[in-house]
Amino acid sequence: MKLERKDFLTMIGGAVVGTGVGTVISPGPWMGLQWLVEWTQDQYRPPKGEEKYLASICDRCPNKCTIQVRKIGNRAVKIETSNQGCAVGQLLLQVLYHPERVTTPLKRTGKKGKIDFAPVSWDEAIADISKKINDAINNNKQEQIVAINPAYPDATSMLTERIALFSGSPYVFQESGYWALSNACSEIAFKTDGAIDYDFENADCVVSFGARLFEGWGNPGRMHNVLSLWKKKGIKFIQIDSIATRTASLADQWVAIKPGSEPLFAMGVAHYLMKYGKRSGAANFGRFTELLINKYTPEKVSELTGVSLETIEYVAKALISAQRPIAVAGRGGKVNSSSVAEFSIIQTINNMIGSMGTSVKLASFTTPVQPVIPKKAKGLDEYIASDSVCDIAIINNANPVYSSVYGQRLSDKLKKASTVVLLTSLLNDTALYADYVFPTITSLEIPVAGDAAVTLTSDAKHAGDSLLGIAKSIAKISSQFPWKNYLETVQTVKHQTKNIANLDIPVDLIITKLEETEKMLSASGSYSIAMIPFEIPTVSDGSGLSLPYVLKGLPDTILKGDTSWVLMNPATASKEGISEGSKIDIESSRGELDTVRVHLTKRIAYDTIAIPIGFGHEEFTDYASEKGVNPKKIMSDAVDPASGYADWWLTRVKLS
Amino acid sequence: MAKMTRRWGMVIDLDKCTGCGACNIACSQENNLPIFKDDSDVPKRVTFLDLVEVTNDKDPKAQYPDVKVAYLPKMCQQCSGNDPNHPQPPCVSVCPVVATDVGEDGVVSQIWSRCIGCRYCQVACPYEARVFHWWKPRYEGTFKKSLNPDVSVASRGTMVKCTFCSHIWKRERDRAIANGVTDINAVTYTPACASACPTNAIIFGDLNDPSSPVYEAAVQKNPRAVRLVHSIDELRTKDPSEYEKRLKIKDYPNPKVYYLTSQQWLRDKISGFKNS
């Protein structure tokens, strides 16, 4: 066929018009343009896949909340907590997929004090560690072994305890917290073990002596349910504190006291209870009442705490008039600091109002039989402060170099030790002094019923399995660990609730503590300012700071760049010549912190600064390291003789 | 398919909020919010839900210890405007490229990839609920594995905001259709913040539904209800004629998020209403 020039031009014209119309009508070119935009910005497209929801648990606190994991293909993309639990459950994916998560056992290759590790096989690491423990047992150096557990114990805590005790070491500790303090109180005042457990769900009046119940205290998931219940039932809730915390603002009444004067305030309340005929059948109650009558009259308590007589009486009357009242001990949120004496005074109040055995019980674990070795140090801080030699340390899901006020001394001890084993998912401050790091898994990777919600893809193991691996390789104690794996071990640890049969009020301990508290309150001279801690629920004890979605929620009056902020009342600031945003240095008798900035707020008591805890890690991923200051470095290090833990709540400081 | 009759809204009981942060974290995870090593520059921080700390301590009359603190989960307030037939939230009316619009269900959408980054909407928003991507979103290493394929990752230079997790509604709609349900109004859903809240302080639902706990006609009668920086609400009973007059003002936001509180100081702070 002959093609005329005109036809050719018509065809070309038609093609041009057709292409033009097609370009406008078809989405192809526009999609291409969008892809081009995305390509130039290197925009990431999350892969699609089959959607599934798998059951799992959050094991970050004793509440063990059940959760659902939304999965796309083999990726977990969301945690569904279904209106229960707390923010920690929502953060599990940030731990699971943290780019700095430890994925294989590590062995130190450089000097201690730095993150200098190389991968090592499980067999090689466990063979070396078990040889060291075997040698210590054979050479009668068992007491150079120490085991440190997290603040809230679980079945893995039982395993570390067992390794130490069957090896012959008396040194088994937990990080400082409610569980340790509460158990120490039970041993002395109730002559048994167990953490004090309150029946919040059925209470009709609750007086909290500094326990920030809705800011991470106890089991946060349970406490959130309790708040909903209280709002529905309209129960009376009185909070004693020196800062307008959220817990204080949620209370029906906030009683503002001088920082650190909670045990004295409790004596004032006890005095009014006695005045209104409330008595206790506890041992030493006579001496306790003598103390109330002769030394801690309401007038004196009012003067020491800064609370009016009417308010002290009001609190006592609120407890008396309720059917199921509770007085709660344990200052703080997730991180607690107090003393056995303070716990004991508050439990005496519970005894006087008839709540012991009804609204106040003990929670403990039953564990397989293990040796009883007399304690040589009551608590971790007492151990660190002592001259005890540490050659082998097993540190289970804890960061004591950061969390203890004796962190510096502990690091010195660990530097000299031949074998420090740290079980953790992220390298932290304690890893700086570890010889071996064993990677742990998240609860999402534990098979709950059948398969795990997320398949484990690394060389990590559950801390319990790692500890079993070590224990089974130690010739002299391996027979004491008959369990195949961690899940079998869990079955042997049973929770139990116990009634409190007896109360033996440790009056001498109380007298000493109250005298010390009075001294701390009246301390003058150059250390004229009181320093007390506060906590951000998502940062918690500091473990949350490594997770970037936590950083997204922090106010810039807590952390701005690398600088921590402290809270101060404007009246105090005016006296000290300080204005909003001023840079200050805080110094206690123990040392000085790096510079912080000041946020002025009337939420805090006069002549006081409130400092956030959980910041100032020397090492804890790129997200948390060197951010802010760690106040524990200068906080009060006076060790409570009954618990063996430092009561660091109130520290006298000076500002410059 | 039936016409959409749902009008999604939220009621947040501040007397139950502990400030635990679960809503903020759940929102970040659900919506693929970017990750930075330093996220302390608050005005430039990309969040859809801010947990704002509110206190009366700046009140000249307030003295320690007569001060309080509360937390206010603040997200896009999903404004309706004052014309029910032609909803015009302040942000929608200024967008030159229709990157933000109001759906039939009342949700104010935001299409990241259509946004040209002019930021007019950010200026127009009375609630500072819109954020701009100053930097390219990064998800270091394995963090990428947790990204939600239902939400596209926004580019640098675009505006983003809370959409009441409307992608979850679409997911539920697709599920319903797969199960043979053709009535679009039968599809319900819960945004990430509301399903994460451990004290049930955040309640989500249909403002038009008399059986819903967020039924607007009932919520408006609740003496504890207050809307953010919306002093006009106080006039509804105090000065009805002035209220009617102000209702006609163009770009009256009329948000679909209600807060509940029995604390008068907090009501005053939230509404911005001055009795004097």
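Values in this document were obtained by computation on a predicted structure and should not be read as measured data. (Residues numbered from 1 in each chain as written. Chains lettered and ligands numbered in written order. Predicted model: local features only at pLDDT ≥ 70, side-chain atom pairs only at ≥ 80, totals over all residues.)

Engineer: Run through the overall build of chain A, naming residues and quoting values.
Structural biologist: Looking only at helices and strands, chain A has 23 helices and 26 strands in total. A compact globule built from 656 residues should have a C-alpha radius of gyration of about 26 Å, and chain A, at 29 Å, falls within 12% of that. Its C-alpha atoms give chain A principal-axis dimensions of roughly 125 × 65 × 50 Å. At a minimum sequence separation of 6, the contacts of chain A that also span at least 24 residues come to 73%. (Helix = DSSP H or I, 4+ residues; strand = E, 2+ residues; numbered from the N terminus. Rg over C-alpha atoms; globule rule 2.2 N^0.38 Å. Contact = placed C-beta atoms within 7 Å.)

Engineer: Could you give an account of the overall build of chain B, with specific residues and numbers?
Structural biologist: Along its length, chain B carries nine helices and ten strands. Here chain B has a C-alpha radius of gyration of 19 Å; the compact-globule value for 276 residues is 19 Å, and the two agree. Dimensions along the principal axes, computed over C-alpha positions, put chain B at roughly 50 × 50 × 40 Å. Across the 276 residues of chain B, 48% fall into the buried class. Residue pairs at least 24 apart in sequence account for 69% of intrachain contacts in chain B once pairs closer than 6 positions are excluded. (Buried ≥ 20, exposed ≤ 12 C-beta atoms within 10 Å, placed from the backbone.)

Engineer: Residues and numbers for helix H9 (residues 264-271) of chain B, please.
Structural biologist: Residues and elements named next belong to chain B. Buried within H9 are the following residues: Leu266, Lys269 and Ile270. Relative to the axis of H9, the buried residues are bounded by an arc of 95 degrees and lie together on one face. Buried residues in H9 make contact with strand E2 (50-55), strand E3 (69-74), strand E9 (225-226) and strand E10 (257-260). After H9 finishes, the residue Gly272 shows a positive phi value of roughly 75 degrees. (Arc of directions from axis to C-beta.)

Engineer: Lay out the interface of chain B and chain A in plain terms, naming residues and giving numbers.
Structural biologist: In this assembly, 58 residues from chain B lie in contact with 60 residues from chain A. Mapped by element, the contributors of at least two residues to the side of chain B that touches chain A are helix H1 (22-30), E2, E3 and helix H5 (192-196) of chain B. With seven residues, the single largest contributor to the side of chain B that touches chain A is H1(B). When the residues that make up the side of chain B that touches chain A are grouped by side-chain class, the tally is 24 nonpolar, 19 polar and 15 charged. (Nonpolar A, V, L, I, M, F, W, Y, C, P; charged D, E, K, R; others polar.)

Engineer: Tell me about the sheet that holds E9(B), and please be specific about residues and values.
Structural biologist: Residues and elements named next belong to chain B. Pairing in this open sheet of four strands is mixed, and the strands run E8-E1-E10-E9 from one edge to the other. Edge strands, defined here as strands with exactly one partner in the open sheet, are strand E8 (202-206) and E9. Pairing analysis gives five bridges linking strand E1 (residues 8-13) to E8, with the strands arranged antiparallel. Bridge pairing in E8 links Gly9 to Gly205. (Pairing = 2+ DSSP bridges.)

Engineer: Describe the sheet that holds strand E8 (residues 195-198) of chain A, listing the residues and the values that go with them.
Structural biologist: Residues and elements named next belong to chain A. Taken in spatial order, the three strands of this open sheet run E8-E13-E17, and their pairing is antiparallel. Where the open sheet ends on each side, the last strands, each with one partner, are E8 and strand E17 (494-498). The mean angle between the axes of side-by-side strands here comes to 40 degrees, regardless of whether they run parallel or antiparallel. For strand E13 (residues 360-366) and E17, the ladder comprises five bridges, and the chain directions are antiparallel. The partner of Ala363 across the bridge, within E17, is Thr497. Running over the sheet, helix H7 (residues 178-190) touches E8 and E13 and is turned about 100 degrees from E8. (Axes fitted to C-alpha atoms, helices over the stretch in contact; angles between N-to-C directions.)

Engineer: Please give an account of the packing of helix H10 (residues 262-275) of chain A against helix H14 (residues 340-352) of chain A that cites residues and values.
Structural biologist: Residue and element names in this part refer to chain A. Look at H10 against H14: their axes get within 9 Å of each other, and the N-to-C directions meet at 20 degrees. Considering their axes alone, H10 and H14 lie roughly parallel with respect to each other. As for how H10 packs across H14, the hand of that crossing is left-handed. In contact with Glu262, Pro263, Ala266, Met267, Val269, Ala270 and Leu273 of H10, H14 contributes Ala341, Glu342, Ile345, Ile346, Thr348, Ile349 and Met352. Per-class residue counts for the contact of H10 with H14 are eleven nonpolar, one polar and two charged. (Parallel < 35°, antiparallel > 145°, perpendicular 65-115°, else oblique. Left-handed = near helix turned anticlockwise from the far one by under 90°.)

Engineer: Provide a residue-level description of the packing of H7(A) against H14(A), including the pertinent values.
Structural biologist: All names here are of chain A. Here H7 crosses H14 at 65 degrees, and the two axes come no closer than 9 Å. On the basis of their axis angle, the class for H7 and H14 is roughly perpendicular. You can see that H7 and H14 cross each other, and the crossing is right-handed. Between H7 and H14, the contacting residues are Leu181, Ser182, Ala184, Cys185, Ile188 and Ala189 on the first element and Val340, Phe343, Ser344 and Gln347 on the second. Counted by class, the contact of H7 with H14 contains seven nonpolar, three polar and no charged residues.

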